[in-house]
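One letter stands for each residue in the lines below.
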Amino acid sequence: MNIDFTKNADGLVPAIIQDAKTKNVLMLGYMNEEAYKITMETGKVTFYSRTKQRLWTKGEESGNFLNLVETKIDCDNDTLLIAVKPQGPTCHKGADTCWGEANSKDYGFLSILEETIKNRKENPNMEGSYVASLFKKGINKVAQKVGEEAVEVVIEAKDNNDDLFLNESADLLFHYLILLQAKGYSLKDVESVLENRHN
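Residues numbered from 1 in each chain as written. Predicted model: local features only at pLDDT ≥ 70, side-chain atom pairs only at ≥ 80, totals over all residues. Heavy atoms only, no water.

A.B. asks: Looking at this structure, I do not really get the overall build of the protein. What am I missing?
C.D. replies: Check the secondary structure of the protein and you find six helices and six strands. Beginning at the N terminus, the succession of helices and strands in the protein can be written as β-β-α-β-β-β-β-α-α-α-α-α. The C-alpha atoms of the protein give 23 Å as radius of gyration, which overshoots the globular expectation for 199 residues (16 Å, by more than 25%). Projected onto its principal axes, the C-alpha positions of the protein cover 65 × 40 × 30 Å. Expressed as a percentage of the 199 residues in the protein, the buried residues total 33%. For the protein, the computed accessible surface area is about 12,400 Å², with 51% contributed by carbon and sulfur atoms. (Helix = DSSP H or I, 4+ residues; strand = E, 2+ residues; numbered from the N terminus. Rg over C-alpha atoms; globule rule 2.2 N^0.38 Å. Buried < 20%, exposed > 50% of the residue type's maximum accessible area, 1.4 Å probe, protein only. Areas by Shrake-Rupley, 256 points an atom, 1.4 Å probe, with all protein chains shown as cover.)

Right, here's the structure in full:
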């Protein structure tokens, strides 16, 4: 990897630290050539501290190491993107990230939808809520709806109406998310099973 450590007078390049699994940005540090070399040799992310004027390995005191997974460089060869497996919280204040955010997997809109479904489950008397009313009817009704939607997806898959197929697919996914919540699970649990099978 051809990293240009000469662009800045101090010989440092920014190193953006990203969780390899969640893809969340955990922190920003700086590396000189020696810090990068030690990181590659040990598999523990090492920085150059601008305040202490020395090398430091993240976790050397706390035990919260950043275990190296992959390193990438940007198009100008002067910024690193380092994917890691964090061993504990990353921020020295005890937070998962240096922005005080939880380092949890985000599925975009599906995560928002999951949170809404969870809220409806926890508030079953929410008036006018289809999801809350479905939870009230119990697990058998929720499971039945998933089965019905699955059959409709299969039927539409055999036809040539893409709009109907996608709409039925959305209905199936929606009701499956409800079923997961009814059973006390989430997409993360399903993803974990798939990851274990992949390994």
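A.B. asks: Any chance you could explain the sheet that holds strand β5 (residues 66–73) here in plain terms?
C.D. replies: Strand pairing in a sheet takes place through backbone hydrogen bonds and is either antiparallel or parallel in direction. Taking strand neighbours across the sheet as the criterion, the four strands line up as β2-β1-β6-β5 in an open arrangement whose pairing is mixed. Edge strands, defined here as strands with exactly one partner in the open sheet, are β2 (25–31) and β5. Between one strand axis and the next, the sheet turns through 30 degrees on average, direction left out of account. Bridge analysis of strand β1 (residues 13–19) against β2 gives six bridges, and the strand direction is antiparallel. Across the sheet, residue A15 finds its bridge partner in β2, namely G29. (Pairing = 2+ DSSP bridges. Axes fitted to C-alpha atoms, helices over the stretch in contact; angles between N-to-C directions.)

A.B. asks: Explain the pattern of salt bridges to me, please; I cannot follow it from the model alone.
C.D. replies: Applying the stated criterion to the full structure yields six salt bridges. Between E148 and K145 there is a salt bridge, with the nearest N and O atoms lying 3.6 Å from each other. Placement of both E148 and K145 in helix α4 (residues 139–157) is noted, with a separation of three residues, approximately one turn of the helix. With relative accessibility at 32%, the residue E148 sits in the partly exposed group. Where salt bridges share partners, they join K145, E148 and E149 into one cluster. (Salt bridge = Lys/Arg side-chain N within 4 Å of Asp/Glu carboxyl O.)

A.B. asks: Got a minute to help me understand the nonpolar core in this structure?
C.D. replies: For soluble globular proteins, the rule of thumb is that nonpolar side chains tend to be buried together. Membership of the largest hydrophobic core comes to 16 residues, with the highest contact counts inside it found for I17, M31, V45, F47, L66, L80 and I82. Looking at this core, the elements with two or more residues in it are β1, β2, α1 (33–42) and β6 (80–86). Residues L113, F135, I178 and L179 belong to the second largest nonpolar core, which totals 12 residues. (Core = buried A, V, L, I, M, F, W, Y, C linked by side-chain atoms within 4.5 Å.)

A.B. asks: Sorry, what's going on with the pairing of β6 here?
C.D. replies: Where a strand is regular, its side chains alternate between the two sheet faces. As defined by bridge partners, β1 adjoins β6 across five bridges and the pair is classed as parallel. Paired with Q18 across the strands is A83, a residue of β6. Judged from the seven bridges that link them, β5 and β6 form a sheet pairing that is antiparallel. What sits directly across from T71, in β6, is I82. What sits between the antiparallel neighbours β5 and β6 is a turn of six residues, in which N77 has the positive phi angle 60 degrees.

A.B. asks: Would you mind showing me how to read the UniProt feature "domain: Phosphoribosyl-AMP cyclohydrolase" (unreviewed entry) in the protein here?
C.D. replies: Within this structure's numbering, the places UniProt gives as "domain: Phosphoribosyl-AMP cyclohydrolase" (unreviewed entry) are residues 27–99. Helix makes up 14% of residues 27–99 and strand makes up 38%, while its end C-alpha atoms are separated by 8 Å. (UniProt positions renumbered as here; feature names shortened; annotations may be inferred.)

A.B. asks: What exactly am I supposed to notice about a nonpolar patch on the surface here?
C.D. replies: On the surface, a nonpolar cluster with roughly 310 Å² of combined accessible area is contributed by V25, L28 and W99. In this structure, W99 sits in the loop between β6 and α2 (109–122). (Patch = residues over 30% accessible without salt bridge, like charges linked within 9 Å, V, L, I, M, F, W, Y side chains within 5 Å.)

A.B. asks: Would you mind going over the packing of helix α3 (residues 130–137) against helix α5 (residues 162–182) with me for this structure?
C.D. replies: In a packed pair of helices, the relevant descriptors are the angle between the two axes and the axis-to-axis distance. Between α3 and α5, whose axes approach to 11 Å, the crossing angle comes to 50 degrees. Our classification of the angle between α3 and α5 gives oblique. The two elements α3 and α5 meet at a crossing, and its hand is right-handed. Contact residues: α3 offers Y130, V131, L134 and F135, while α5 offers F174, H175, I178, Q181 and A182. (Parallel < 35°, antiparallel > 145°, perpendicular 65-115°, else oblique. Left-handed = near helix turned anticlockwise from the far one by under 90°. Contact = heavy atoms within 4.5 Å.)

A.B. asks: Looking at this model, I keep getting lost on the environment of K118. Mind explaining?
C.D. replies: You can see K118 is positioned in helix α2. Judged by its relative accessible area of 34%, K118 falls in the partly exposed class. For K118 and T6, which are 112 residues apart along the polypeptide, the C-alpha to C-alpha distance reads 52 Å.

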